[in-house]
Every structure is written in C-alpha cells, then in structure tokens.
Amino acid sequence: MNEFDLVILGGGSGGYACALRSAQLGLSVVLIEKDKVGGTCLHRGCIPTKALLHAGEVADSARHASDFGVNAEFISIDMLGVNAYKDGVISKLYKGLQGLVKSRNITVVEGHGRLVSKNQVEVNGTVYTGKNVVLATGSYPKTLPGLEIDGTQIVTSNEAMSFDYVPKSVIVLGGGVIGCEFASVWNSFGADVTIIEGLPRLVALEDESSSKQLERAFRKRGIKFETGVKFASATKGPNGVTVTLENGATFTADVLLVAVGRGPVSAGLGYEEQGIAMDRGYVLVDNKCRTNVPGIWAVGDLIPTLQLAHVGFGEGILVAEEIAGLNPRPINYDGVPRVTYSEPEVASVGLTTAAAKERGYDVVELSYDLAGNGKANILKTSGSIKLVAQKDGPVLGVHMVGARVGELLAEAQLIYNWEATADDVAPLIHAHPTLSEAMGEAHLALAGKPLHAHG
Ligand SMILES: Cc1cc2nc3c(=O)[nH]c(=O)nc-3n(C[C@H](O)[C@H](O)[C@H](O)COP(=O)(O)OP(=O)(O)OC[C@H]3O[C@@H](n4cnc5c(N)ncnc54)[C@H](O)[C@@H]3O)c2cc1C
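The rules we used
Residues numbered from 1 in each chain as written. Predicted model: local features only at pLDDT ≥ 70, side-chain atom pairs only at ≥ 80, totals over all residues. Heavy atoms only, no water. Helix = DSSP H or I, 4+ residues; strand = E, 2+ residues; numbered from the N terminus. Polar contact = N/O pair within 3.5 Å; in protein donor to acceptor, adjacent residues only side chain to side chain. Near = heavy atom within 4 Å. Areas by Shrake-Rupley, 256 points an atom, 1.4 Å probe, with all protein chains shown as cover. Nonpolar A, V, L, I, M, F, W, Y, C, P; charged D, E, K, R; others polar. Axes fitted to C-alpha atoms, helices over the stretch in contact; angles between N-to-C directions. Parallel < 35°, antiparallel > 145°, perpendicular 65-115°, else oblique. Contact = heavy atoms within 4.5 Å. pLDDT = per-residue confidence, 0-100. Buried < 20%, exposed > 50% of the residue type's maximum accessible area, 1.4 Å probe, protein only. Salt bridge = Lys/Arg side-chain N within 4 Å of Asp/Glu carboxyl O. Core = buried A, V, L, I, M, F, W, Y, C linked by side-chain atoms within 4.5 Å. Pairing = 2+ DSSP bridges.

Once that is clear, we can look at the side chain of Lys-386. Here Lys-386 shows up in strand E23 (residues 384-390). At 2.7 Å, the side chain of Lys-386 forms a polar contact with the side chain of Asp-207. In terms of polar contacts, Lys-386 uses its side chain to reach the side chain of Glu-365, at 2.8 Å.

As structure tokens, this is what we get:
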C-alpha cells in the first residue's frame with residue numbers, strides 16, 4: 001500500500017517541483033515534509049525577503065517623493081504592518097501550492113523522514129517504499145566556529161525575516177546575496193547598517209564590475225562595509241553585540257545578522273549508511289542528479305550546485321522526466337539567471353569576464369551605461385549592462401546593475417542560452433521607453449553601431 005514510483009524526502013522547491021512533474025507524467029508520488037510544503041523559499045527565503053525589499057522600496061519612494069514633485073513624507077516603519085503584508089503574500093501562495101499538490105493526487109506525509117534502506121524512507125514508524133527515492137532535504141543557515149546564534153541579538157535570516165521592530169543598528173556578517181539583501185532592507189527601514197565581508201568585494205561571485213557598482217551605490221545610500229577582512233569574535237554587552245575583526249577593528253550594533261552561507265541538511269538522515277557518496281555533507285550527483293546508488297536521486301540545496309529556488313525547480317523536473325524515460329537535457333548551470341534583489345539590483349547570466357578568460361576565450365567587453373536610457377532616467381536609477389562576448393562569436397555573459405534589472409534577465413538568458421551574437425540581437429526592436437532598450441543598445445554598440453551611446 002505504501003509503495004510508490006517516487007518517494008520524495010523534503011517538500012521545498014526541489015522536492016515539490018519533482019512531485020508535481022512526476023504526477024503530471026502519470027507516476028505515483030509520496031512527498032514527505034516535516035514542516036511546510038514550499039520549504040525555505042516560500043516560508044523563510046525568496047518570497048519573504050522580496051516582500052521586505054518591496055516594503056523598503058515603498059519607504060524609499062516616500063523618502064524621495066519630492067525628487068518627483070510629489071508631496072509625501074516618510075514617517076516610520078510599522079513592522080507589524082510589514083509582517084502582515086509579507087505573511088499575507090506567503091499564505092496566499094502556500095494555499096495555492098497546497099491546492100496544486102492535492103489536485104495532482106500527490107500523497108503528502110507530514111513528519112520527519114529518514115532513509116532506512118536503498119528504497120525506503122521511514123516516517124514515524126511507517127515505511128514508504130519507492131522504485132525511486134529523491135532526496136530534497138535542502139539547507140540550513142551556517143554560522144562560524146564560536147559564534148552562537150541566540151535568535152534575538154545574534155540571528156540568521158530565519159529570525160531576521162520576522163523581526164517585530166527595526167533595529168537602530170545592524171552588523172551584517174557576509175556580503176553575499178542574502179547579506180546584501182538584508183543590508184538593503186534595513187537601510188531602507190532606517191537602520192544604521194555595516195556589512196563585514198571576508199572576501200575582497202561584495203557579491204563576490206558576480207563580475208567584478210557589478211560588485212564595484214553595487215558598492216558605490218551602497219556607499220551613496222549610507223550602507224557601510226568592510227571587505228577583505230575576517231571576523232575574529234563577537235561578544236554581547238549592554239550596548240549590543242560587539243564584533244572584532246582579525247585586524248583589530250571593532251563594531252557594535254543592536255543586532256548581528258550572520259549570513260555566511262548555507263550548508264546541506266543531511267546529518268543523521270541515513271544517507272551515508274546507504275553508501276551514498278557525499279562531500280562535506282552535500283550529496284554528490286551526476287549531470288542527471290543521480291547519486292552513486294541506483295534508484296536514489298538528489299536535488300536542490302542538498303547538492304553542490306547553485307543554491308537557488310529555480311535551480312531546485314529545474315533539478316526536480318529533470319529527475320521526474322528522467323525517471324519517466326523522457327531523457328531530458330542536463331542543466332547548463334552557467335545559463336541559470338542569478339539576481340541579488342537589493343537596491344540597486346545585481347543580475348547576471350553566463351560567464352564573468354574572469355571566468356571567460358580562464359576558459360580560454362578571446363574576450364571582448366561592452367558596458368552600456370543606464371545614463372543613456374530614458375526609463376532609467378525616469379526612475380532615477382543608475383547602473384549598466386555589461387556584455388562579455390567571444391571575439392566575433394556569441395555573447396558569453398550579461399551582467400547588470402540598476403533598479404529592476406532582474407526583469408531584464410528573461411531576455412539575457414535567451415541571448416546566452418541560444419548562443420546569440422551581437423548581430424543577432426542588434427536588429428531586434430525594443431519598446432521605448434523601457435529599461436529593456438538598454439539591452440538592445442548594448443548589443444547595437446557591441447555590433448559596432450551604437451545609437452544612444454557616447455564615446
Ligand atoms: C533569506 C533567503 C533568501 C533567498 N532568496 C532567494 C531568491 O530570491 N531566489 C532564489 O532563487 N533563491 C533564494 N533563496 C534560496 C532558496 O530558498 C533555496 O535555494 C531553495 O529553497 C532550495 O530548495 P530545496 O528544495 O533544495 O530546499 P528547501 O527549500 O530548504 O526545502 C527542503 C525541505 O525539506 C524538509 N526536510 C528536511 N529534512 C527533512 C526530513 N528529514 N524529513 C522531512 N522533511 C525534511 C524541510 O522542512 C524543507 O521544507 C533564498 C534563501 C534564503 C535563506
């Protein structure tokens with residue numbers, strides 16, 4: 001009775017996407033989830049942070065209303081109101097997802113699951129047997145040795161998501177995507193924010209030019225940051241949390257947000273016992289998300305690929321289609337779009353200049369400044385679209401900074417993934433006045449026929 005084509009452990013982005021696609025393909029599925037279907041992304045990640053960022057944008061609009069000739073005033077942030085708005089978005093999406101899962105006849109089991117054999121997961125004494133088992137147990141926020149999370153003064157994104165007040169001051173440990181997004185939110189909400197990053201620049205996985213522009217914009221907004229210097233210790237005292245860096249510098253703030261990366265949830269779940277190959281807690285897979293144990297698959301943040309919800313969706317779908325015999329194409333991870341949703345946004349797809357050179361390409365670069373774009377001027381945003389291309393060949397990477405540039409990735413990813421050249425894109429007419437025109441202009445310039453570009 002408890003036998004299925006797929007037993008899926010973990011109902012986050014990776015697990016539920018795999019369940020939905022498998023069911024669509026006529027396979028029987030049980031989805032085991034100890035908390036809430038939707039996982040990190042819906043309940044503690046993508047969706048709540050983007051709601052907070054939008055509330056921040058509204059606050060900034062009020063603050064800067066007079067720049068647009070509008071009489072309005074920023075008075076304060078009502079965190080209860082912000083949380084009600086944010087939680088409303090989550091609960092609507094959660095209801096929708098639950099309905100979707102139900103409508104596809106997926107069996108959902110609530111409880112903590114553990115792999116007890118190569119094709120069985122046990123939940124509260126009941127064993128579920130699958131022709132295939134898909135591991136999708138996700139990730140957790142990491143901390144550093146000696147840095148204890150207390151949930152109030154020293155927090156991770158899990159707690160920071162639901163603060164019922166705006167701290168006066170915050171230290172953000174980690175200048176990656178999550179750290180920069182929270183820094184942006186809290187600055188918009190009126191907090192004094194300092195980011196500490198051990199690597200030489202913020203959003204260090206992005207092209208160097210994007211980091212520079214984000215740093216310039218953050219500086220302008222009053223977000224302080226220290227880069228290239230390592231954390232040494234944190235102590236709690238009457239004035240808040242004091243962070244000491246290895247160079248001896250100290251910083252004190254009401255709250256310390258630890259945003260130093262996320263680790264895989266795999267300890268104690270029986271994975272090693274079944275002989276699954278692992279590395280530092282990550283489950284290792286091939287390009288079809290197969291582990292070394294036949295019939296066991298793994299997707300999402302649990303495997304060492306990009307920790308993004310849409311990557312989890314893609315991997316879940318890939319596994320479902322592979323099991324159903326559709327022989328899907330492996331994922332090209334370079335072609336996955338990436339966004340940091342701070343103000344300004346940082347968005348990219350494809351290779352950075354450094355990565356393209358490392359791979360031996362003869363690289364040409366073109367940077368189109370948003371100052372030449374009508375809509376960017378209307379929005380009063382600045383930034384650029386940078387193209388990395390192979391000399392006389394396809395576009396290898398698109399790197400953007402500016403308000404709303406994340407929305408331009410849809411086109412950028414087609415350009416990259418379809419291996420378009422500047423000459424392919426240049427003749428395409430973009431609507432005026434939109435930010436997307438900057439994409440057209442960048443390709444016109446790269447094709448040697450710049451229109452609204454100086455120099
Ligand atoms: C603050 C923050 C912001 C983010 N913003 C973005 C963004 O804007 N865009 C983006 O693409 N990505 C974003 N991410 C990343 C995204 O949330 C993850 O990449 C995605 O959720 C990974 O999906 P997953 O299915 O692998 O894991 P998860 O979503 O973590 O799901 C795993 C699920 O497994 C369950 N589980 C674990 N162990 C067991 C067990 N033993 N038994 C039963 N159930 C179990 C968990 O309860 C959980 O629901 C963000 C993450 C954070 C933390």
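Time to look at the site of the ligand. Inspection of the region around the ligand gives 38 residues, with Glu-33, Thr-40, Lys-50, Asp-301 and Ala-309 positioned closest. Note that an oxygen atom of the ligand is positioned 2.6 Å from one of the side-chain N or O atoms of Glu-33. At a separation of 2.8 Å, an oxygen atom of the ligand approaches a polar backbone atom of Ala-309. Taken by itself the ligand offers 1000 Å² of open surface, and the protein chains cover 95% of this. Those elements giving two or more residues to the shell around the ligand turn out to be helix H1 (13-24), strand E2 (29-33), helix H2 (39-44), helix H3 (46-63) and helix H8 (309-323). For the shell around the ligand, the element with the highest residue contribution is H2, accounting for four residues. Split into classes, the residues belonging to the shell around the ligand amount to eleven nonpolar, 19 polar and eight charged.

This next bit is on the packing of helix H11 (residues 409-417) against helix H13 (residues 436-446). Contact geometry of H11 with H13 gives a least axis separation of 10 Å together with a crossing angle of 30°. With respect to H13, the element H11 is oriented roughly parallel. Contacts between H11 and H13 involve Glu-411, Ala-412 and Ile-415 on the former and, on the latter, Ser-436, Met-439 and His-443.

Our focus in this paragraph is the confidence of the model for the protein. Per-chain confidence: the protein averages 97 in pLDDT, with 100% of residues scoring 70 or above. Predicted confidence in the protein is weakest over strand E12 (residues 231-237), with a mean pLDDT of 96, and strongest over strand E19 (residues 296-298), with 99.

Relative to the helices and strands, Gly-15 resides in helix H1. What makes Gly-15 buried here is its relative accessible area of 0%. When the C-alpha positions of Gly-15 and Val-339 are compared, they lie 22 Å apart, and in sequence the two are 324 residues distant. If sequence neighbours within four positions are ignored, Gly-15 has contacts with Ile-8, Gly-10, Leu-31, Ala-136 and Val-299.

The next thing to look at is the pattern of salt bridges. Counted according to the given criterion, the structure contains 19 salt bridges. Across the pair Asp-60 and Arg-221 runs a salt bridge, and its minimum N-O distance is 3.7 Å. One end of the pair, Asp-60, is in helix H3; the other, Arg-221, is in helix H7 (residues 208-221), and 161 residues separate them in sequence. By relative accessible area, which is 14% here, Asp-60 ends up buried.

Here the focus is the nonpolar core. Counting residues in hydrophobic clusters, the biggest one holds 46 residues, and the most contacted among them are Ile-32, Leu-135 and Tyr-271. Those elements that place two or more of their residues in this core are strand E1 (3-9), H1, E2, helix H4 (79-103), strand E5 (120-123), strand E6 (126-135), E19 and H8. For Leu-135, the contacting residues outside a window of four places in its chain are Leu-9, Tyr-271, Ile-276, Ile-296, Trp-297, Ala-298, Val-299 and Leu-302. Membership of the second largest hydrophobic core comes to 33 residues, among which are Met-79, Met-161, Val-185 and Val-193.

Bringing the sheet that holds strand E24 (residues 395-402) into the picture now. Sheet strands pair by backbone hydrogen bonding; their relative direction is either parallel or antiparallel. Strand order across the open sheet formed by five strands is E20-E21-E24-E23-E22, with antiparallel pairing between neighbours. Each end of this open sheet is capped by a strand with a single partner; those strands are strand E20 (338-340) and strand E22 (363-369). Direction aside, the axes of adjacent strands within the sheet are offset by 10° on average. Here E20 pairs with strand E21 (residues 345-350) via three bridges, running antiparallel. Bridge assignment links Arg-338 to a residue of E21, and that residue is Ser-348. Contacts from H7 reach E21, E23 and E24, with the element oriented near 0° to E24.

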